[in-house]
Amino acid sequence: MYSNLAANSGSNQAILDKSQLPTDPAARRLRERYIDARFLQFPQPAQALRNTANVMRWAQQLIDDEQPRLAAELLHVALEEDGSQRPLWLFLIELAFLANDPATFSDLSDTFRQQFLDADATRVIDSMGHKLLPNDPRFAHAEDPEILPDWSTPETALRDELRQQKLHAALVEAMAYHQAR
């Protein structure tokens, strides 16, 4: 389900490079039209992609809909808009770990360390890295395995995982019923 998550080719370092975003108004509008067409839930990308909680909810919904590559692309696009959204970085790192994608995991974790000084997250990332890349010297110092932190779950009291899954299953069943008619 999580395989092949690398939505963008090349290094994830480009996510932090604001110079990669178009400054020309026509190019900016073209980028926003692409985002509008690709992610209908974000009609005004410049503002909407900076709302970390909404981006996380939609990315999780895409994963629930078995579209992890689209979820990863959404997270990348949001980080292009605002690379300081720490929860989105952690979400991507977790997705790369779950997808068993060592190259993407390494790129994301290295870039995360450069941008954020977070001892707790780094300890967990090191543990994940040691499990994913046992011979990599960057993760050799990792302590006992950590429990996966569930960084991909949006922080909201309103999200009830079991109800969300039941609702999703009911919607899929209803769509299948109506398509068969």
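This text follows the structure it describes.
A. Main features of the overall build of the protein chain. Scanning the protein chain from terminus to terminus reveals eight helices and zero strands. Starting at the N terminus and ending at the C terminus, the protein chain contains elements arranged as α-α-α-α-α-α-α-α. Here the protein chain holds 181 residues, and the buried ones make up 40% of them.

B. Quick peek at helix α1 (residues 25-38). Taking 1.5 Å per residue as the helical rise, α1 with its 14 residues ought to reach 20 Å, and the 20 Å between its terminal C-alpha atoms agrees with that figure. Taken together, the buried positions of α1 are occupied by R28, R31 and I35. Viewed along the axis of α1, the buried residues span an arc of 65 degrees, placing them on a single side of the element. In α1, those exposed residues whose orientation departs by more than 90 degrees from the buried face are R29, L30, R33 and A37. Buried residues along α1 sit in contact with α2 (45-48) and α4 (68-81).

C. Examining the packing of helix α3 (residues 52-64) against α4 more closely. The contact between α3 and α4 brings their axes to 7 Å, and the two run at 165 degrees. Relative to α4, the element α3 is oriented roughly antiparallel. Judged by the sense of rotation from one axis to the other, the crossing of α3 with α4 is right-handed. Residue-level contacts link V55, W58, A59, L62 and I63 of α3 to P68, L70, A71, L74, L75 and A78 of α4. Split by residue class, the contact of α3 with α4 holds eleven nonpolar, no polar and no charged.

D. A look at the packing of aromatic side chains. In the structure shown here, the tally under the stated rule is three aromatic pairs. Between F97 and F105, the aromatic rings sit 6.3 Å apart at their centres with planes inclined by 55 degrees, giving tilted as the arrangement. With a relative accessible area of 16%, F97 lands in the buried category. Judged by relative accessible area, F105 falls into the buried class, the value being 0%. Here F105 and F139 contribute two aromatic rings whose centre-to-centre distance is 5.9 Å and whose plane-to-plane angle is 55 degrees, an arrangement assigned as tilted.

E. Representation of helix α6 (residues 102-115) within the structure. When the terminal C-alpha atoms of α6 are compared, their 20 Å separation across 14 residues agrees well with the 20 Å that a helix rising 1.5 Å per residue should span. Listed as buried for α6 are T104, F105, S106, L108, S109, T111 and F112. In this structure, the buried side of α6 is in contact with α5 (86-98) and α7 (119-132).

F. Representation of unusual backbone geometry within the structure. Residue E66 is not a glycine yet carries a positive backbone phi of 60 degrees. Mapped onto the elements, E66 comes out in the loop between α3 and α4. For E66, a relative accessible area of 62% corresponds to the exposed category. A positive phi is found at N100, a non-glycine position, where the angle reads about 55 degrees. Counting through the fold element by element, N100 comes out in the loop between α5 and α6.

G. Quick look at the packing of α4 against α5. One way to put it is that α4 packs onto α5 with a least axis distance of 10 Å and a crossing angle of 150 degrees. Relative to α5, the element α4 is oriented roughly antiparallel. Read as a crossing pair, α4 and α5 show a hand that is left-handed. On α5, the residues touching A72, L75, H76, A78 and L79 of α4 are L88, W89, F91, L92 and L95. Looking at side-chain class alone, the contact of α4 with α5 contains nine nonpolar, one polar and no charged residues.

Cut-offs and rules
Residues numbered from 1 in each chain as written. Predicted model: local features only at pLDDT ≥ 70, side-chain atom pairs only at ≥ 80, totals over all residues. Heavy atoms only, no water. Helix = DSSP H or I, 4+ residues; strand = E, 2+ residues; numbered from the N terminus. Buried < 20%, exposed > 50% of the residue type's maximum accessible area, 1.4 Å probe, protein only. Expected span 1.5 Å × (residues − 1). Arc of directions from axis to C-beta. Contact = heavy atoms within 4.5 Å. Axes fitted to C-alpha atoms, helices over the stretch in contact; angles between N-to-C directions. Parallel < 35°, antiparallel > 145°, perpendicular 65-115°, else oblique. Left-handed = near helix turned anticlockwise from the far one by under 90°. Nonpolar A, V, L, I, M, F, W, Y, C, P; charged D, E, K, R; others polar. Phe/Tyr/Trp six-rings, centres within 6.5 Å; stacked < 30°, edge-to-face > 60°.

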